[in-house]
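# Examining the three-dimensional arrangement
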Amino acid sequence: MNSGTAVISGTGLIGASIGLALRSTGWMVIGSDPNAASLAAAVERGALDSITDEPLAQPADLVVLAGPPEATIDTLRSIRTEALVTDVAGVKGPVLRAASHLTHFVGGHPMTGRAQSGAAMASANMFRGAAWILTTDNADPEDLRSMSIVVESLGSNPIMMSSEEHDRAVAYISHLPHILAASLVDLVEEEPHTESLVAGSFRDLTRVAATEASWWTEVMTGNADEIVTAIDNLEGRLAGWRDALSRGSADEVRRGLQRAQETRLRFSAEVSDLQIPLADEPGEIARVGRALERSSADIRDLQLRHAEHGGGGLLTLVVHPNDAEDLRQALIDQGFAPE
């Protein structure tokens, strides 16, 4: 399925981004949302060809349910269509049960997003390089193939798994980290003299705590059993660290940290990072841009840390190791002193 007519129900950040991405590959996209402001924002962003109050009455090749999980489940229970139907919910068990009567359904979950919500933040490039889960439960092989083609056309990597496998995995890699971030933010708020000391590691670890709450509430309550198991397992790991520290066992702490380091390094492609002190003056970022242009470095990630009370900041660029020295020299040529 390379193109056709798609109906998107729910035009927030993910729905509007899917609309933009589908339109960029030749699809005609019809959108619907009970929130008039969200629908208007999607139209203004260019995510839709047209809008409708009755999305399920529209002839379509593909129906994408991109609303909150509870709304998706309610819609699935009543929908009757021969079109291929998919969704984007972050929990799959309840969704698959609600869709059990459909002839053509493949559950989906694009593993990407932003801290800011809403169609105004939508991007056709949001899914590039991201994993996109497609559930295999009772799915027709031809429907799985069609959805894989769609997902790949948006730049994502389709990954097949059952809804049970998905819900267990995301409990550990998505839902538990979110709860941990929320807990750490609350803990730090209650401790004096901590907020002014917050730096990169804490910000990175707690970034997801800044995301919109109502969507995540539905996802977590829908996957409660798996998350509770994950919390129990984390409590056991934390108890082990507490005991080692209480005994003053430096060997146990060292082994635990080394084991974690080795495991974390296996999760990521090999990269190099360059730290660039920036002065508090106009044109600094432009000079970095010229260095990037001249070196053609493959940027994997970046972080800009501002000095709290002025005085510039520190820009960290993460690049492919083969590009590190060329970029370093280009930055030096621009007058920087990369570390």
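Quick summary incoming for the structure in this document. Along every chain, residues carry numbers that run from 1 in the direction the sequence is written. Selection of residues for local features in this predicted model requires a pLDDT of at least 70, selection of side-chain atom pairs for listing and counting requires 80 or more, and totals for whole chains, interfaces and linings are taken over all residues. Side-chain descriptors were evaluated using all non-hydrogen atoms of the structure, hydrogens and water having been removed beforehand.

### Structural notes on the overall build of the protein chain
Elements are defined by DSSP. Helices are runs of H or I of four residues or more, strands are runs of E of two residues or more, and each kind is numbered from the N terminus. When you go through the protein chain residue by residue, the secondary structure sums to twelve helices and twelve strands. Taken over the C-alpha atoms alone, the protein chain extends approximately 60 × 55 × 35 Å along its principal axes. In the protein chain, buried positions account for 40% of the 339 residues. Two residues qualify as a contact provided that any one of their heavy atoms is within 4.5 Å of a heavy atom in the partner residue. Put simply, of all contacts in the protein chain between residues at least 6 apart along the chain, 60% involve residues at least 24 apart. As presented, the protein chain carries roughly 18400 Å² of accessible surface, and 51% of it is formed by carbon and sulfur atoms. Accessible area is worked out with a 1.4 Å probe on protein chains only. A residue is then buried under 20% of its type maximum, exposed over 50%, and partly exposed in between. Each accessible area is a Shrake-Rupley result for a 1.4 Å probe, and residues are judged covered by the shown protein chains and nothing else.

### Overview of the sheet that holds strand S7 (residues 108-110)
Across the sheet, which stays open at both edges, the three strands sit in the order S7-S8-S9 with mixed pairing between neighbours. Pairing within the sheet leaves two strands with one partner each, and these edge strands are S7 and strand S9 (157-161). Recorded for the sheet is a direction-independent mean angle of 20° between the axes of neighbouring strands. Any two strands between which DSSP finds at least two bridges are classified as paired. Relative to strand S8 (residues 131-135), S7 is paired through three bridges, and the arrangement is antiparallel. The convention used is that axes are lines fitted to C-alpha atoms, helices contributing only their stretch in contact, and that angles between N-to-C directions extend from 0 to 180 degrees.

### Examining a negative patch on the surface
Negative charge collects at one region of the surface, where Asp-186, Glu-189, Glu-190, Glu-191 and Glu-195 lie side by side. Looking at the element boundaries, Glu-195 is found in the loop between helix H6 (163-190) and helix H7 (200-206). Candidate patch residues must exceed 30% relative accessible area and have no salt bridge, after which like charges are joined if within 9 Å and Val, Leu, Ile, Met, Phe, Trp or Tyr side chains if within 5 Å. Salt bridges are defined by distance alone: a side-chain nitrogen of Lys or Arg within 4 Å of a carboxyl oxygen of Asp or Glu. A residue counts as positive if it is Lys or Arg and as negative if it is Asp or Glu; His and the chain ends are not included. Lys charges are placed at NZ, Arg charges at CZ, Asp charges at CG and Glu charges at CD.

### Focus: the side chain of Thr-52
Note that Thr-52 resides in the loop between strand S3 (50-51) and strand S4 (62-65). Polar contact criterion, stated in full: a pair of N or O atoms within 3.5 Å, where within protein one must be able to donate a hydrogen and the other to accept it, and residues adjacent in sequence count only if both atoms are side-chain atoms. A distance of 3.0 Å separates the side chain of Thr-52 from the backbone nitrogen of Glu-54, its partner in a polar contact. The contacts of Thr-52, once residues within four sequence positions are left out, are Ile-30, Gly-31, Ser-32 and Gln-58.

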